[in-house]
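Residues per chain, in single letters:
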Amino acid sequence: ELPPQALLWTGAAGDSRWSSPLNWAGGRLPAPESLVAFKGASATPCVVDVNATVAGITLDNKFTGKVQLAPDRVLSVGAAGVRIAGGTFDASKGRLEANFGFFMKGGEFLAPTQTLQVNEALSICGGRFEHNSGTLHFSHGYVFIHTGKVAFHDVVVEPSGNVVLTQPMHVLGNFLIKNANCFQG
């Protein structure tokens, strides 16, 4: 369910660039307080061609397009988190910071080849998550991890609070825990 105040991607400019105001409903670029959404009607690809900060990003279950981070670009997502239910989110060449959660129940996610930063919560209940030999890094406060049957390459957990794993976590490389007050799971 998309929030009514979500800023919708339309791709109307025809250049696939996040930085083009005409690609967004209302002709305005996402701001740090924006909740951005990609719906089925907006199947035009989006390339995040600038460093950007938003409150949340949603790829809904009817979205069939692709959101891609350009090389060396950073997308920092705030309190509303990253929510993937459809389409493809390709972060393989950039850096994604999910500051208050990463939630996936469909679609496809290609993780950064460097580091995927997740704070607070990671929940993967469906879809395809490709680790790309990168590092999944958790930090800040309480960390809740639900991963389904996903495999990760390297994982670093360094919260300032408790860590809860709801099921075993499949890690192919290194698994490092720092500073956890309590580890459950």
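This text goes with the structure placed above it.
Everything in this summary refers to the structure shown in the same document. (Residues numbered from 1 in each chain as written. Predicted model: local features only at pLDDT ≥ 70, side-chain atom pairs only at ≥ 80, totals over all residues. Heavy atoms only, no water.)

### Thoughts on the packing of aromatic side chains
- Tallying each qualifying case throughout the model produces 10 aromatic pairs.
- Between Trp 9 and Trp 24, the aromatic rings sit 5.0 Å apart at their centres with planes inclined by 80°, giving edge-to-face as the arrangement. Note that Trp 9 is positioned in the loop between β1 (7-8) and β2 (35-38) and Trp 24 in the loop between β1 and β2, a separation of 15 residues in sequence. For the pair Trp 9 and Trp 24, a shared accessibility class is recorded, and that class is buried.
- For the ring pair Trp 24 and Phe 38, a centre distance of 5.9 Å and an interplane angle of 70° mean the geometry is edge-to-face. Remark: Phe 38 occurs in strand β2 and Trp 24 occurs in the loop between β1 and β2; sequence separation between them is 14 residues. The exposure classification of Trp 24 matches that of Phe 38, with both residues buried. (Phe/Tyr/Trp six-rings, centres within 6.5 Å; stacked < 30°, edge-to-face > 60°. Helix = DSSP H or I, 4+ residues; strand = E, 2+ residues; numbered from the N terminus. Buried < 20%, exposed > 50% of the residue type's maximum accessible area, 1.4 Å probe, protein only.)

### A few points about the environment of Thr 10
- Topologically, Thr 10 is positioned in the loop between β1 and β2.
- Sequence-wise, Thr 10 and Phe 144 are 134 residues apart; in three dimensions their C-alpha atoms are separated by 34 Å.
- For Thr 10, the side chain forms a polar contact with the main-chain nitrogen of Ala 12, separated by 3.2 Å. (Polar contact = N/O pair within 3.5 Å; in protein donor to acceptor, adjacent residues only side chain to side chain.)

### Considerations on empty space enclosed by the protein
- Going through the model one piece at a time under the given rule, you end up with 1 cavity of 30 Å³ or more.
- If you add up the space inside the largest cavity, you get close to 60 Å³.
- Every residue lining the largest cavity is listed: Ala 111, Pro 112, Leu 116, Phe 129, His 131, Gly 134, Thr 135, Leu 136, Phe 152, His 153 and Asp 154.
- Among the secondary structure elements, those contributing two or more residues to the lining of the largest cavity are β10 (115-130) and β11 (135-146).
- Residues belonging to the lining of the largest cavity are distributed by class as follows: 6 nonpolar, 4 polar and 1 charged. (1 Å grid on protein atoms, 1.4 Å probe; cavity = no way out; pocket = protein on both sides within 12 Å on 5 of 7 lines; lining within 4 Å. Points joined across faces, edges and corners; volume = space filled by probe spheres on them. Nonpolar A, V, L, I, M, F, W, Y, C, P; charged D, E, K, R; others polar.)

### Points about the pairing of β10
- Bridging between strand β8 (residues 95-98) and β10 involves 3 bridges; their strand directions are parallel. Within β10, the position partnered with Ala 98 by the bridge is Val 118.
- The sheet contact formed by strand β9 (residues 102-110) and β10 spans 7 bridges and is parallel. When the sheet's bridge partners are listed, Phe 102 is paired in β10 with Leu 122. (Pairing = 2+ DSSP bridges.)

### A word on the pairing of strand β4 (residues 52-59)
- Within β4, 7 of the 8 residues are buried, which leaves it mostly tucked inside the rest of the structure.
- Taken together, the 4 bridges between β2 and β4 define a ladder with parallel strand orientation. Across the sheet, the residue bridging to Phe 38 is Leu 59, located in β4.

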